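In case you want the letters, here they are:
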Number of protein chains: 2
Amino acid sequence: MDIGKAMGISATTVSRALHDHPDISLSTKISVKEMAIAMDYHPNLLARSFANSQSQTVGVIIPNLEATFFSSMLGGVQKVASQNGYKVLMCQSNEEYLNEVENVHLLMDSRVDGLLICHSIETTNFDHVNIYRKRGIPIINFYRVNKDSETISVVAKNTEGAELVIEHLLNQGCKKIGIILGPRSLLITEERLKGYLNIHKKHLIEIEQSMIAYTDYTYNSIIEIVDRWLDMKERPDAIFCISDRTAIYVIRHLRKKNIQIPAEIAVAGFGNDLMGELIEPGLTTYDVQTSKIGETSMQMFLDQVKNEFGQITKVHTIEGHLVVRESSLKQK
Amino acid sequence: MDIGKAMGISATTVSRALHDHPDISLSTKISVKEMAIAMDYHPNLLARSFANSQSQTVGVIIPNLEATFFSSMLGGVQKVASQNGYKVLMCQSNEEYLNEVENVHLLMDSRVDGLLICHSIETTNFDHVNIYRKRGIPIINFYRVNKDSETISVVAKNTEGAELVIEHLLNQGCKKIGIILGPRSLLITEERLKGYLNIHKKHLIEIEQSMIAYTDYTYNSIIEIVDRWLDMKERPDAIFCISDRTAIYVIRHLRKKNIQIPAEIAVAGFGNDLMGELIEPGLTTYDVQTSKIGETSMQMFLDQVKNEFGQITKVHTIEGHLVVRESSLKQK
DNA sequence: TTGTAGGCGTTATCAG
DNA sequence: CTGATAACGCCTACAA
């Protein structure tokens, strides 16, 4: 350490003085710190990380940065990370399993202290993440989640959220609600369908299988379903979508076909993306609090690091709320 | 290196074998690689970075991740980074100068190989970045840019873009165009105003100072200007905004006041945020190609690293294009 | 073709 | 209270 040389003292002492180690006398602390400033000393964080095998860095993997949806989760993570002296190394999976796997290894090889991941749509095998979890590296799952009960996860209130939306649609007088889901493998698909079914049961409404549709989130797969429903003798009078983006595709398609929203068909989404506020008509949706999901995920990581081996809640559910806009307001 | 021990050979040989060093015999290379796989060997990237003082990491600082605007630039950076074996360490300045300064130091102390930065609105002093540039660390500026000519920058065609928009508004029959800018200190403010002025001069239209307004991007400062214009005897018949977000604020405000867009007042933005496509009426804007700005920035970093001390173009301008939607279409 | 030695900057351990 | 020494894992000279 140059600053030690300049002062004729050992690097050890300098290091300790800078860290306010109790052993060091006040006078040396002061003079060392002055010298540090004078020499514009900046510790080499790489060397420090290497020495303590602690990088003060978390890795974050999200599907993409194209929409506000995941980026605001990343924003939440980064915000809390920075408040707590952590850096953020980020990757995008582009919704591809193989990218995700590669990213996980890259981050682990880079010795991140923990991994915060929102899995890709394709991901159904979680070995790539479980190996590291078993080695004791904190892994936090957010939004789209590993069903494995060992993994700490931060999720939206999927079932309750869907229940709120469906209940609302029924209140608006809808009699036949179509639901557009993601792939069957996703937990969010499963949980939101559950909410849909719960409310139907509660009101003793018979469920029509034709009203339950799975997609891979692509535009075509979504439109295909809508068209199929439009061709039916008894069309649905409401469509509940797995995401706001999906809902926006649906709204545009319906408008193109000159179908009145919500008069003929009400539409609701899930997530509360910024977009939903801007589109015409405004989109009714469930606000999952994306930014808060990110913040909480990072907080969970911090808690786990502090707790070390203490008892830890595995699943953290983020409270959201129904956002009613014109796309579902049949009664004004 | 454990794998050396396991095979009874030196770590050096192992390292070289894994790196396909020409000195090593094919047979040892093969056996070492087999052993590496068998033992699931992963190099410690932290140690490697430390040893060669090369982290294979770039730091990126953006104002925030709330809107798609900056996040898609970050997405572009990360995409190209990952294609070239670089990692991305990211920070948000939240549009605050002090945060930005702190982030720069953090990233530099973390020994990133380069810094890609989009300055905060507040930033007018660039010393925090120039120190490191002078030390030879590649610094790339994107979108909002350091006026210092030494810095490599990747920017939108601000002046030309503004020219296209203004020309278009005039074509639509607008006679009096208000322009809402950002803070005076920003280069984008200056350059887009220049485009505005250029086209006015070209058509020999006198410029009214009252039609040129500066804001700090806040909702209130924007609405205040619009209200001032609305109170005038001769209102503008078009408003050109420094950003799409600004334009959306304007559109909403005008709609609240029951002013017809574009019939009474046409509105145009700049940037081509996703939002502009969703709002009603669709927003006319100039597409700056956010993602490409990010990609190019990373590419410029890579070029600089390869070129080492070769001659380098300082300013890279990304071609964009006019996006005409209903908010400005007076003639149908 | 392979091995040995040293260093990267920081911190922890142990000794004084 | 302070200092010497070793260690973190990898890589590059230099030596054999």
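Figured I'd write up the structure that's included with this text. Because the structure is a prediction, the values reported are computed rather than measured.

**Considerations on the pattern of salt bridges**
All names here are of chain A.
1) Next: Under the counting rule described, the total for this entry stands at 22 salt bridges over all chains.
2) Next: Of the charged contacts, one joins K79 and E295 as a salt bridge, the two residues approaching to 3.5 Å between their closest N and O atoms. Here the residue K79 occupies a position in helix 5 (residues 68-83), and E295 occupies one in helix 13 (residues 290-307), the gap between them amounting to 216 residues.
3) Next: Looking at E295, the relative accessible area reads 22%, which means it is partly exposed.
4) Next: Its salt-bridge partner being K176, residue E208 comes within 3.4 Å of it at the nearest N-O pair. A residue pair is termed long-range when its members are at least 10 positions apart, and E208 in the loop between helix 9 (187-202) and strand 7 (212-214) and K176 in the loop between helix 8 (158-171) and strand 6 (177-181) qualify at 32 residues.
5) Next: By relative accessible area, which is 36% here, E208 ends up partly exposed.
6) Next: Here K176 falls in the buried class, since its relative accessible area comes to 10%.

**Quick look at the interface of chain A and chain B**
1) Next: Contacts between the two partners involve 44 residues from chain A and, on the opposite side, 44 residues from chain B.
2) Next: When the area that chain A buries against chain B is broken down by residue, the three leading residues are L46, F50 and L278 of chain A, summing to 18%.
3) Next: Our enumeration of links across chain A and chain B arrives at six salt bridges.
4) Next: We note a salt bridge from R135 of chain A to D40 of chain B, for which the minimum N-O separation is 3.4 Å.
5) Next: Inspection of the chain A/chain B interface yields 20 residue pairs in polar contact (both at pLDDT 80 or more).
6) Next: Among the secondary structure elements, those contributing two or more residues to the side of chain A that touches chain B are helix 4 (45-52), helix 5, strand 2 (87-92), helix 6 (97-109), helix 11 (244-256) and helix 12 (275-278) of chain A.
7) Next: Split into classes, the residues belonging to the side of chain A that touches chain B amount to 19 nonpolar, 13 polar and twelve charged.

**Some details on helix 13 (residues 290-307) of chain B**
Residue and element names in this part refer to chain B.
1) Next: Relative to the 26 Å expected for 18 residues at 1.5 Å per residue, helix 13 spans 26 Å between its end C-alpha atoms, a close match to the ideal helical length.
2) Next: Among all positions of helix 13, only T290, I293, G294, T296, S297, M298, M300, F301 and L302 are buried.
3) Next: Here the buried face of helix 13 lies against strand 1 (57-62), helix 5 (68-83), strand 3 (114-117), strand 4 (139-142), strand 5 (152-156) and strand 11 (315-318).

**Considering the sheet that holds strand 8 (residues 238-241) of chain B**
All names here are of chain B.
1) Next: With parallel pairing, the four strands of this open sheet are ordered in space as 7-6-8-9. In the strand order of this sheet, the two ends are held by strand 7 (212-214) and strand 9 (266-268), each with one partner. On average, each strand axis in the sheet is tilted by 15° relative to the strand beside it, whichever way the strands run.
2) Next: Pairing geometry for strand 6 (residues 177-181) and strand 8, over four bridges, is parallel. Bridge assignment links I179 to a residue of strand 8, and that residue is F240.
3) Next: Helix 10 (residues 219-230) rests against strand 6, strand 7 and strand 8 of the sheet, and its axis sits at about 165° to strand 6.
4) Next: Seen against the sheet, helix 11 (residues 244-256) touches strand 6, strand 8 and strand 9 and runs at an angle of roughly 160° to strand 9.

**Some details on the protein's contact with DNA strand C**
1) Next: Around DNA strand C, the structure places 24 residues, and the nearest of them are H19 and R48 of chain A together with T12, T13 and R16 of chain B.
2) Next: Note that a base oxygen of DNA strand C is positioned 2.7 Å from one of the side-chain N or O atoms of T12 of chain B.
3) Next: If you tally residues by element for the surface near DNA strand C, the top one is helix 4 of chain A, at five residues.
4) Next: Here the residues of the surface near DNA strand C sort into ten nonpolar, ten polar and four charged.

**Brief notes about the packing of aromatic side chains**
1) Next: Within this structure, the stated rule accounts for 13 aromatic pairs over all chains.
2) Next: Both rings, one in F50 of chain A and one in F50 of chain B, keep their centres 5.1 Å apart while their planes meet at 40°; by these two values the pair is tilted. Placement of F50 of chain A in helix 4 and of F50 of chain B in helix 4 (residues 45-52) is noted, with the two residues assigned to different chains.
3) Next: Judged by relative accessible area, which is 35%, F50 of chain A ranks as partly exposed.
4) Next: Look at Y86 of chain A and F301 of chain A: their rings are 5.3 Å apart centre to centre, the planes differ by 90°, and that puts the pair in the edge-to-face class. Remark: F301 of chain A occurs in helix 13 and Y86 of chain A occurs in the loop between helix 5 and strand 2; sequence separation between them is 215 residues.
5) Next: Ring-pair connections join several aromatic residues into one group, and the members of that group are F69, F70 and Y143 of chain A.
6) Next: In this arrangement the basic side chain of R184 of chain A is found over the ring face of Y214 of chain A, its NZ or CZ atom lying 3.9 Å from the centre.

**A few points about the protein's contact with DNA strand D**
1) Next: Near DNA strand D lie 24 residues; those nearest to it are T13 and R16 of chain A together with H19, Y41 and R48 of chain B.
2) Next: Close to the protein, within 4 Å, the atoms of DNA strand D are drawn from sugar and phosphate at a rate of 58%.
3) Next: Separating a phosphate oxygen of DNA strand D from a backbone N or O atom of S10 of chain A is a distance of 3.4 Å.
4) Next: For the surface near DNA strand D, the elements supplying multiple residues, two or more each, are helix 2 (11-18) and helix 4 of chain A together with helix 2 (11-18) and helix 4 of chain B.
5) Next: The greatest single-element share of the surface near DNA strand D, amounting to five residues, is contributed by helix 4 of chain B.
6) Next: Along the lines of polarity and charge, the residues of the surface near DNA strand D split into ten nonpolar, ten polar and four charged.

What counts, and at which threshold
- Residues numbered from 1 in each chain as written.
- Chains lettered and ligands numbered in written order.
- Predicted model: local features only at pLDDT ≥ 70, side-chain atom pairs only at ≥ 80, totals over all residues.
- Heavy atoms only, no water.
- Salt bridge = Lys/Arg side-chain N within 4 Å of Asp/Glu carboxyl O.
- Helix = DSSP H or I, 4+ residues; strand = E, 2+ residues; numbered from the N terminus.
- Buried < 20%, exposed > 50% of the residue type's maximum accessible area, 1.4 Å probe, protein only.
- Contact = heavy atoms within 4.5 Å.
- Buried area = accessible area lost by both parts, 1.4 Å probe.
- Polar contact = N/O pair within 3.5 Å; in protein donor to acceptor, adjacent residues only side chain to side chain.
- Nonpolar A, V, L, I, M, F, W, Y, C, P; charged D, E, K, R; others polar.
- Expected span 1.5 Å × (residues − 1).
- Pairing = 2+ DSSP bridges.
- Axes fitted to C-alpha atoms, helices over the stretch in contact; angles between N-to-C directions.
- Near = heavy atom within 4 Å.
- Phe/Tyr/Trp six-rings, centres within 6.5 Å; stacked < 30°, edge-to-face > 60°.
- Lys NZ or Arg CZ within 6 Å of the ring centre and 35° of its normal.

Purely geometric stuff here, so don't read any function into it on its own.
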